[in-house]
Amino acid sequence: MGKRFLEALPALLFAVAGVVVCFVIEGIHAELKADATFVSFCNVNSRINCDVVLTSPYAYLFGVTVSLWGLLFYAVAASGALAAAFLERARQREAAARFVFGLSLVGLLFSAYMAVVSFFVLQTVCLMCSALYLAGIGLFVAALRLRNRSGVTGGRSKAALRERETRDRRMLVAGVGGGALLAAAGAIAVAVGDGPGASRLSADEIRSQRPEIARWFEERPRVDVPSDGHALGAADASVVLVGFSDFECPHCARLDETLRE
């Protein structure tokens, strides 16, 4: 049993690491919801910023935070790794190892999707999410190793074991290739302008297709901006950005930091 536990230990450790990271991310979610001024420890700058990713719509799946789904995913994976180590029958251990491997493949593909969203759509690096990607990759490799080693003493011939290892290598290539294709598809979609907010309407099109939005916008108060107000840059610039800010607004403070960068 000690040998079987050592074989399952890498998969178990990566699964536990995933649980820990998801727990930390879920805590950040709770803080961001409770306090608008909260800034997480992994908010480094405008490009390395967990808060941007965790407050985006992509941080939720069916109304539940992705981190909470991740907690469930990695907890199930850890249970499967323990089953592969401690079940009495070799066939049961092999089935548990196959389950963990299949689960890790799904997690690898989903991690590739989330990486595309973070890097190309939101154009932000989330340190905690990146740690989760690494946990997912590690779990996949460890689960493949566990899958190859499980059932070795279960009465299988060497030829059958070699055939299974060949099949698993093909699954490894398929999994990595599928993740790469998913990442490439997301990158291409963003590059050609199919991402969120890529389809931009003209003012006349908005008035025609969404008259309620145009009416709301045109009813907003208008003010004249004095020429001697606070300004940065050349006075005769071809493009002028006018900003209204509130000294007591934490979001305005964050925007000010971003614009200065």
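Residues numbered from 1 in each chain as written. Predicted model: local features only at pLDDT ≥ 70, side-chain atom pairs only at ≥ 80, totals over all residues. Heavy atoms only, no water.

1. Concerning the state of the cysteines
- In the structure shown here, the tally under the stated rule is one disulfide.
- Each sulfur in the disulfide pair Cys42 and Cys50 lies 2.2 Å from the other. With respect to class, Cys42 is no different from Cys50; both count as buried. (Disulfide = S-S within 2.5 Å. Buried < 20%, exposed > 50% of the residue type's maximum accessible area, 1.4 Å probe, protein only.)

2. Some words on the confidence of the model for the protein
- Looking at the protein as a whole, its pLDDT mean stands at 81, while 84% of the residues score no less than 70.
- Across the protein, the element-wise mean pLDDT spans from 66 in helix 6 (residues 158–191) up to 93 in helix 3 (residues 66–86).
- Confidence drops under a pLDDT of 50 for residues 193–198, and excluding neighbours within four residues, the segment shows five contacts in the predicted structure. (pLDDT = per-residue confidence, 0-100. Helix = DSSP H or I, 4+ residues; strand = E, 2+ residues; numbered from the N terminus. Contact = heavy atoms within 4.5 Å.)

3. Considerations on the packing of aromatic side chains
- According to the stated counting rule, one finds five aromatic pairs in the structure shown.
- Ring geometry for Phe5 against Phe86: centres 5.7 Å apart, planes inclined by 40°, an arrangement best described as tilted. Of the two residues, Phe5 is situated in helix 1 (residues 2–34) and Phe86 in helix 3; the sequence distance between them amounts to 81 residues.
- Using a relative accessible area of 28% as the deciding quantity, one classes Phe5 as partly exposed.
- Residue Phe86 is classed as partly exposed on the basis of its relative accessible area of 37%.
- For the ring pair Phe119 and Tyr133, a centre distance of 6.3 Å and an interplane angle of 90° mean the geometry is edge-to-face. Residue Phe119 is located in helix 4 (residues 90–121), and its partner Tyr133 is located in helix 5 (residues 127–149); the two are separated by 14 residues in the primary sequence.
- For Phe119, a relative accessible area of 37% corresponds to the partly exposed category. (Phe/Tyr/Trp six-rings, centres within 6.5 Å; stacked < 30°, edge-to-face > 60°.)

4. Overview of unusual backbone geometry
- One non-glycine residue with positive phi stands out, namely Phe62, at about 55°.
- Relative to the helices and strands, Phe62 is located in the loop between strand 1 (60–61) and strand 2 (64–65).
- Exposure remark for Phe62: the relative accessible area of 74% places this residue in the exposed category.

5. Section: the pattern of salt bridges
- As enumerated under the stated definition, the model contains three salt bridges in all.
- Salt-bridge contacts for Asp204 lead to Arg207; the nearest nitrogen and oxygen are separated by 3.2 Å. Of this pair, Asp204 and Arg207 both sit in helix 7 (residues 203–209), three residues apart, which is roughly one turn of the helix.
- For Asp204, a relative accessible area of 59% corresponds to the exposed category.
- The partner of Arg207 in a salt bridge is Glu218, with the nearest N and O atoms 2.8 Å apart. Within this pair, whereas Arg207 is found in helix 7, its partner Glu218 is found in helix 8 (residues 211–218), the two being separated by 11 residues in sequence.
- Connected via shared salt-bridge partners are Asp204, Arg207 and Glu218. (Salt bridge = Lys/Arg side-chain N within 4 Å of Asp/Glu carboxyl O.)

6. Description of a nonpolar patch on the surface
- Taken together, the side chains of Leu61, Phe62, Trp69, Leu72, Val76, Phe99, Phe110 and Tyr113 present a nonpolar region at the surface, about 760 Å² in accessible area.
- Broken down by secondary-structure element, the contributors of at least two residues to the nonpolar patch are helix 3 and helix 4.
- Of note, Phe99 is situated in helix 4.
- Classification of Phe99 by relative accessible area gives partly exposed; the value is 43%. (Patch = residues over 30% accessible without salt bridge, like charges linked within 9 Å, V, L, I, M, F, W, Y side chains within 5 Å. Areas by Shrake-Rupley, 256 points an atom, 1.4 Å probe, with all protein chains shown as cover.)

7. Comments concerning the packing of helix 1 against helix 3
- In the contact formed by helix 1 and helix 3, the axes pass within 8 Å of each other and the chain directions differ by 165°. The angle between the axes of helix 1 and helix 3 places the two elements in the roughly antiparallel class. Two packed elements cross with a definite hand, and for helix 1 against helix 3 that hand is left-handed.
- For the contact of helix 1 with helix 3, the class distribution of residues is 20 nonpolar, four polar and two charged. (Axes fitted to C-alpha atoms, helices over the stretch in contact; angles between N-to-C directions. Parallel < 35°, antiparallel > 145°, perpendicular 65-115°, else oblique. Left-handed = near helix turned anticlockwise from the far one by under 90°. Nonpolar A, V, L, I, M, F, W, Y, C, P; charged D, E, K, R; others polar.)

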